[in-house]
Amino acid sequence: PEPLHAIFRPLFVTAFCLADFLAANHFFGASQLLFSSASSKTAYATAFCLRRQSDINSIALTSHENREFVKSSGLYEDALSYDELERLDPAVSTVYVDIAGNSGLQHKVHQRFGPNLAYDCSVGAAQSLVPPRPDRQMSGPRPEFFFAPDWIEKRHKDWGVGAFNERVTEATIAFYRHLSDKHLLEISEGRGLDAAKDILGDMLKGRTEPVRGHVIRP
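Everything in this summary refers to the structure shown in the same document. (Residues numbered from 1 in each chain as written. Predicted model: local features only at pLDDT ≥ 70, side-chain atom pairs only at ≥ 80, totals over all residues. Heavy atoms only, no water.)

On to the overall build of the protein chain. Within the protein chain, the secondary structure is distributed over 7 helices and 8 strands. Compactness check: the protein chain gives a C-alpha radius of gyration of 17 Å against a globular reference of 17 Å for 218 residues, within 12% of the reference. On the principal axes, the C-alpha backbone points of the protein chain span a range of 50 × 40 × 30 Å. The burial tally for the protein chain puts 46% of its 218 residues in the buried class. Considering only contacts within the protein chain whose residues lie at least 6 apart along the sequence, 72% involve residues at least 24 apart. Carbon and sulfur atoms make up 51% of the accessible area of the protein chain, which amounts to about 11400 Å² in all. (Helix = DSSP H or I, 4+ residues; strand = E, 2+ residues; numbered from the N terminus. Rg over C-alpha atoms; globule rule 2.2 N^0.38 Å. Buried < 20%, exposed > 50% of the residue type's maximum accessible area, 1.4 Å probe, protein only. Contact = heavy atoms within 4.5 Å. Areas by Shrake-Rupley, 256 points an atom, 1.4 Å probe, with all protein chains shown as cover.)

Structure (structure tokens):
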């Protein structure tokens, strides 16, 4: 359906590539992935893609308000609020999938896992208007930005453009089916620039519900 493509198509390609990148690198030797902003569409789309190709544990970090939504997605082994980070075992080798872009949270994750943080994958800035600036004194691996176009180019060479598109399309259809089965998306439509302005303002202030998908028409 058109609204689903409008909302998910660009970010789902990023999610597909991110999951493929992590799996191709054998999760950098880690046994679990830790997602910040786990209720974001990019995060749970990545978790969905990972479930199709691996049994690695995916752990969600999210706000208190979004925790039930994250649990209902069925895509994470556990869902913790941000203030429950200390519940995680620091001895478990972990990859941090940073979609929040919150430098304070990033520092806490590095402190918590120390030498057992295998990789810090910087993906987005869901909680910030600017890219995070890691603390130079922060322990553990240097955050590495994941740039999807580079991975797309690699897979085009590895698989061919047609085969890449077929894999993404097949995964997209399965993802849309999961959204429907789990009731993870309610579409709201607005019209005109004023509606777009209001929704953007709510997004920037963190007032949008994760279940909501917004489509603006002229």
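More follows now that the structure is in view.
Turning our attention to the pattern of salt bridges. Charged atoms that come close allow side chains of opposite charge to pair. By the definition in use, this model includes 15 salt bridges. Notably, a salt bridge pairs R212 with E209, separated by 3.4 Å at the nearest N-O pair. Note on R212: relative accessible area 23%, which makes it partly exposed. A single salt-bridge network, built from bridges that share partners, covers D20, K154, R155 and D158. (Salt bridge = Lys/Arg side-chain N within 4 Å of Asp/Glu carboxyl O.)

Position of R155 relative to the elements: it lies in helix 5 (residues 148-159). Judged by its relative accessible area of 12%, R155 falls in the buried class. Setting aside its immediate chain neighbours within four residues, R155 contacts D20, A24, G160 and F164.

Moving on, we get to the sheet that holds strand 1 (residues 32-35). Pairing between the strands of a sheet is mediated by backbone hydrogen bonds and can be parallel or antiparallel. Taken in spatial order, the 6 strands of this open sheet run 3-2-1-4-5-6, and their pairing is parallel. Edge positions in the sheet fall to strand 3 (78-81) and strand 6 (144-145), since each has one partner strand and no second. Here strand 2 (residues 57-62) runs beside strand 3; their pairing, made up of 4 bridges, is parallel. Bridge pairing in strand 3 links I59 to D78. Set on the sheet, helix 2 (residues 41-51) makes contact with strand 1 and strand 2; between it and strand 1 the angle comes to about 165 degrees. (Pairing = 2+ DSSP bridges. Axes fitted to C-alpha atoms, helices over the stretch in contact; angles between N-to-C directions.)

Once that is clear, we can look at the packing of helix 2 against helix 6 (residues 161-182). Relative to each other, helix 2 and helix 6 sit at 115 degrees, their axes nearing to 11 Å. Considering the angle they form, helix 2 stands roughly perpendicular to helix 6. Helix 2 and helix 6 meet at a crossing whose hand is right-handed. When helix 2 is examined against helix 6, the residues Y44, A45 and F48 are found in contact with a partner set consisting of A171, A174, F175, H178 and L179. For the contact of helix 2 with helix 6, the per-class residue count stands at 7 nonpolar, 1 polar and no charged. (Parallel < 35°, antiparallel > 145°, perpendicular 65-115°, else oblique. Left-handed = near helix turned anticlockwise from the far one by under 90°. Nonpolar A, V, L, I, M, F, W, Y, C, P; charged D, E, K, R; others polar.)

Bringing the environment of N57 into the picture now. Looking at where N57 falls in the secondary structure, it is placed in strand 2. For the pair N57 and L33, spaced 24 residues apart in the sequence, the C-alpha separation amounts to 6.2 Å. When neighbours within four sequence positions are excluded, N57 is seen to be in contact with S31, Q32, L33 and E77.

Take unusual backbone geometry next. Its identity is not glycine, yet H26 carries a phi of approximately 55 degrees, on the positive side. Its location among the elements puts H26 in the loop between helix 1 (2-24) and strand 1. H26 sits in the exposed class, given a relative accessible area of 62%. The phi angle at S37 is positive, at roughly 50 degrees, despite the residue not being glycine. Checked against the element boundaries, S37 lands in the loop between strand 1 and helix 2. A relative accessible area of 7% means that S37 is categorised as buried.

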